[in-house]
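Geometric and topological summary
Each chain is listed here by its residues.
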Amino acid sequence: MASSFDDIEDRSILDLGCGCGMLSIGCVMLGAGNLLGVDIDSAALDTCQQNIEAFDIDNIDLVNANVDSVDRVVDGKVDVVVMNPPFGTKHNKGLDMVFLEKGIKLATRAVYSLHKT
């Protein structure tokens, strides 16, 4: 992502379903310009905030929101969307596709998904 496609450095990035912040923090370490992490789970966002503070990072903002309403918290479009979405199995059937569709709608440059299939 970073070296092959120049999709991280100085880019605006949205981490959908950011969880503990692993992808967000990785993007910042690779030079992301600004990053927005969104998750529906407030406990995950608390952990993410702790991790951000542990790495002394100041360019990640966190928002507690559902993927369906994320366009209301994103100011326009972002360059890149990263995600490790729920896999859409069992009780989450089809949820992975909701994440991908939202990422495609909001990204102007690229969408990267750590995806089961």
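Preceding this paragraph is the structure being described.
Residues numbered from 1 in each chain as written. Predicted model: local features only at pLDDT ≥ 70, side-chain atom pairs only at ≥ 80, totals over all residues. Heavy atoms only, no water.

**So, the overall build of the protein chain**
The test is simple: Put simply, DSSP H or I for four residues or longer makes a helix, DSSP E for two residues or longer makes a strand, and each gets a number counted from the N terminus. Radius of gyration here uses only the C-alpha atoms, and the compact-globule reference equals 2.2 Å multiplied by the residue count raised to the power 0.38.
In terms of regular secondary structure, the protein chain is built from four helices and five strands. Traced from its N-terminal end to its C-terminal end, the protein chain shows the element sequence α-β-α-β-α-β-β-α-β. Against the 2.2 N^0.38 benchmark of 13 Å for 117 residues, the protein chain shows a C-alpha radius of gyration of 13 Å, consistent with a compact globule. By its C-alpha atoms, the protein chain is 35 × 30 × 25 Å across when sized along the principal axes.

**Observations concerning the layout of surface pockets**
Condition: Think of a 1 Å grid over the protein atoms and nothing else: a 1.4 Å probe that fits but is trapped marks a cavity, an open set flanked by protein within 12 Å on at least five of seven lines marks a pocket, and residues with an atom within 4 Å of a point count as lining. Grid points are joined across faces, edges and corners, and a volume is the space filled by probe spheres set on the points. All amino acids are sorted into three groups, where Ala, Val, Leu, Ile, Met, Phe, Trp, Tyr, Cys and Pro are nonpolar, Asp, Glu, Lys and Arg are charged, and the leftover types, Gly among them, are polar.
Reported here for the largest pocket is a volume of approximately 170 Å³. No other element matches strand E2 (residues 34-39), which puts three residues into the lining of the largest pocket. The residue makeup of the lining of the largest pocket, split by class, is five nonpolar, three polar and three charged.

**Some remarks on the pattern of salt bridges**
Basically, it comes down to this: Throughout this description, the term salt bridge denotes a Lys or Arg side-chain nitrogen within 4 Å of a carboxyl oxygen of Asp or Glu. To sort residues, take the accessible area from a 1.4 Å probe on protein chains only and compare it with the maximum for the residue type: under 20% means buried, over 50% means exposed, and anything in between is partly exposed.
Summed over the entire model, instances satisfying the criterion amount to four salt bridges. A salt bridge links Asp 71 to Lys 105, with the shortest nitrogen-to-oxygen separation between them at 2.7 Å. With Asp 71 in the loop between strand E3 (60-64) and strand E4 (78-83) and Lys 105 in helix H4 (residues 95-106), this pair connects stretches of sequence that are 34 residues apart. The exposure class assigned to Lys 105 is partly exposed, which follows from its relative accessible area of 46%.

**Observations concerning the pairing of strand E1 (residues 12-16)**
Formally: Pairing between strands is defined by DSSP: at least two bridges between the two strands are required. We call a crossover right-handed when, viewed with the strands running away from us, the connection from the first strand over the helix to the second turns clockwise.
The element E1 is largely enclosed, with a buried count of five among its five residues. Taking every second residue as pointing to the same face, both faces of E1 are buried, with Ser 12, Leu 14 and Leu 16 on one and Ile 13 and Asp 15 on the other. Of the pairings in the sheet, the one linking E1 to E2 comprises five bridges and is parallel in character. Across the sheet, Asp 15 pairs through a bridge with Gly 37, a residue of E2. Running through helix H2 (residues 22-29), the crossover from E1 to the neighbouring parallel element E2 is right-handed.

**Some words on the sheet that holds E1**
Defined as follows: Angles run from 0 to 180 degrees between N-to-C directions of axes, and those axes are lines fitted to C-alpha atoms, restricted for helices to the stretch in contact. Only heavy atoms enter the contact rule, under which two residues are in contact if any of them lie within 4.5 Å.
In space, the five strands of this open sheet follow the order E3-E2-E1-E4-E5, with parallel pairing throughout. Taken across any chain shown, the strands that pair with only one partner, and hence form the sheet edges, are E3 and strand E5 (107-113). In this sheet, neighbouring strand axes are inclined to one another by 20° on average, regardless of whether the strands run parallel or antiparallel. Running at roughly 155° to E5, H4 makes contact with E1, E4 and E5 of the sheet.

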